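So the chains spell out like this:
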Amino acid sequence: MAKCRICGKPGFVYVSEYKGYLCKEHYSRFIESKVDRCVKRFALLRGIKRLLIGLSGGKDSIALLYIMNRLYGDKIELEGLHINLGIPGYSGESQQIVDKLSSITGIKVSFINLCADYGFSIKKAADYYFKKRINRPPCSVCGTVKRYLLNKYAVEKGFDAVATGHNLDDILRFASTNIVTGDVSNLVKQVPREESTHPKIVTKIRPLCYLSNKETLNYVEANNLPIVRTTCPYKPSERKLAPMLASKIGEIEAVIPGFKSMYINNLWRKIIPSIKTEPVELNECEICGMPTSIKVCSFCKIRHILTSDQSEERFL
Ligand code: Q46
Ligand code: ZN
Ligand code: ZN
């Protein structure tokens, strides 16, 4: 059996940087040091005393909270936020997993229930758009809802920043999709740290941005952490653009090791800094008062459509 290159205990996983196997303990330290280097390199925690961590219950957010607590739990105040999205067969398990992690780490986690607190669910949104034959994928509504609620909670509770578990593969997938579709305003957001641009928009950080899907999965297994095993029923099919691009990127990496690093480094050092974007003028949403470039923010539009009997023409 392969042995750990550092201590000689049973090897857990092959690590190319070590040209050999590492045990669970040394693999965990290796991953944590990768995150710590990333945090320092991009000054992710500059000016941050209170950090809110978005917790979906998936491997990345679970690894994120655990790693941030191990590395910085004694230096900054950490709190988790889970949003129960009302997705049958998925949301209940996700909430239980997050609750378990809170008990394991002792970190406080707050919960928002979309149905109870805002009167609609992602299932209701999916059913509505399907029935109306409107091409709005559930993930697009879900992304808007999660971004809005995480930011709103952080602003209201006085957090300095929100951290999310986006990893290297997620960022490359988003960036590649943005490039193909010409979505420049979202491409410039695919960075390790997105600064606040308004008193009601908190800074966003992505400390796992140098870890791959495989690395976060190995990390949660090495540390026996609970994660949601059920797949969301609305996960896009493998034949959609973003999953296809992600799979191609993986194929290229297998043939040309280091491809992903080259891509991400060029994206952050050369491509994104060379893009000039006009600052967007922000008003306060007529309904909720949060910043928006239009009259009523996307979250309030969705909520209105799904909770009101009145004509939705105004918002379509
Ligand atoms: S929960 Fe939401 Fe994911 Fe389900 S609807 Fe899509 S975005 S797939 S992480
Ligand atoms: Zn070891
Ligand atoms: Zn609003």
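Residues numbered from 1 in each chain as written. Chains lettered and ligands numbered in written order. Predicted model: local features only at pLDDT ≥ 70, side-chain atom pairs only at ≥ 80, totals over all residues. Heavy atoms only, no water.

*Asks:* Can you walk me through the domain arrangement of the protein chain in this structure?
*Replies:* In many reports, interface size means the accessible area that the parts give up when they come together. Here the protein chain is described as being made up of domain 1 (1-38) and domain 2 (42-279). On a C-alpha basis, the centroid separation for the pair domain 1 and domain 2 is 26 Å. Summing both sides of the interface, domain 1 and domain 2 together bury roughly 1400 Å²; the carbon and sulfur share of this comes to 61%. If you sort the residues of domain 1 by the area they bury against domain 2, Glu32, Val35 and Cys38 come out on top, with a joint share of 43%. At the boundary of domain 1 with domain 2, the tally comes to two salt bridges. (Domains from an automatic or database assignment. Buried area = accessible area lost by both parts, 1.4 Å probe. Salt bridge = Lys/Arg side-chain N within 4 Å of Asp/Glu carboxyl O.)

*Asks:* Could you clarify how one ought to interpret the layout of surface pockets in this entry?
*Replies:* Leftover empty space is mapped by rolling, across the atoms, a probe with the size of a water molecule. Taken as a whole, the second largest pocket holds about 570 Å³ of empty space. When residues of the lining of the second largest pocket are traced back to their parent elements, those giving at least two are strand S1 (13-15), helix H1 (24-41), helix H9 (213-222) and helix H11 (259-271). In terms of residues, the lining of the second largest pocket owes the most to one element, H1, which gives six residues. Each residue belonging to the lining of the second largest pocket can be placed in one class, and the counts come to eight nonpolar, six polar and eight charged. Residue contributions to the lining of the second largest pocket reach at least three from each of two domains, namely domain 1 (1-38) and domain 2 (42-279). (1 Å grid on protein atoms, 1.4 Å probe; cavity = no way out; pocket = protein on both sides within 12 Å on 5 of 7 lines; lining within 4 Å. Points joined across faces, edges and corners; volume = space filled by probe spheres on them. Helix = DSSP H or I, 4+ residues; strand = E, 2+ residues; numbered from the N terminus. Nonpolar A, V, L, I, M, F, W, Y, C, P; charged D, E, K, R; others polar.)

*Asks:* Explain the coordination of the zinc ion (ligand 3) to me, please; I cannot follow it from the model alone.
*Replies:* For a metal with four tetrahedral donors the ideal donor-metal-donor angle is 109.5 degrees, while six octahedral donors give ideal angles of 90 or 180 degrees. Surrounding the zinc ion (ligand 3) are the protein donor atoms Cys285 (SG), Cys288 (SG), Cys297 (SG) and Cys300 (SG), at 2.2 to 2.4 Å. Considering all four donor atoms around the zinc ion (ligand 3), angles at the metal cover 105 to 116° and the coordination shape is tetrahedral. All donors to the zinc ion (ligand 3) come from one chain, and their sequence spacing reads C-x2-C-x8-C-x2-C. Exposure remark for Cys288: the relative accessible area of 26% places this residue in the partly exposed category. (Donors = N, O, S within 2.8 Å, 3.2 Å for Na, K, Ca; no water. Tetrahedral: all angles 85-135°; square planar, octahedral: opposite > 155°, others 65-115°. Buried < 20%, exposed > 50% of the residue type's maximum accessible area, 1.4 Å probe, protein only.)

*Asks:* Can you walk me through the environment of Leu114 in this structure?
*Replies:* Along the chain, Leu114 turns up in helix H4 (residues 114-118). Distance from Leu114 to Tyr234, taken between C-alpha atoms, is 17 Å for residues 120 residues apart in sequence. In contact with Leu114, other than residues within four places in its own chain, are Asn84, Leu85, Gly119, Phe120, Ser121, Ile122, Val145 and Leu149. (Contact = heavy atoms within 4.5 Å.)

*Asks:* Explain the coordination of the zinc ion (ligand 2) to me, please; I cannot follow it from the model alone.
*Replies:* Within the first shell, the zinc ion (ligand 2) binds the protein through Cys4 (SG), Cys7 (SG), Cys23 (SG) and His26 (ND1), at distances of 2.1 to 2.3 Å. Taken together, the four donor atoms coordinating the zinc ion (ligand 2) span angles of 101 to 112° at the metal, a pattern that classifies the geometry as tetrahedral. All donors of the zinc ion (ligand 2) come from a single chain, and their spacing in sequence reads C-x2-C-x15-C-x2-H. Note that Cys4 is positioned in the segment before S1 and His26 in helix H1, a separation of 22 residues in sequence. A relative accessible area of 22% places His26 in the partly exposed class.

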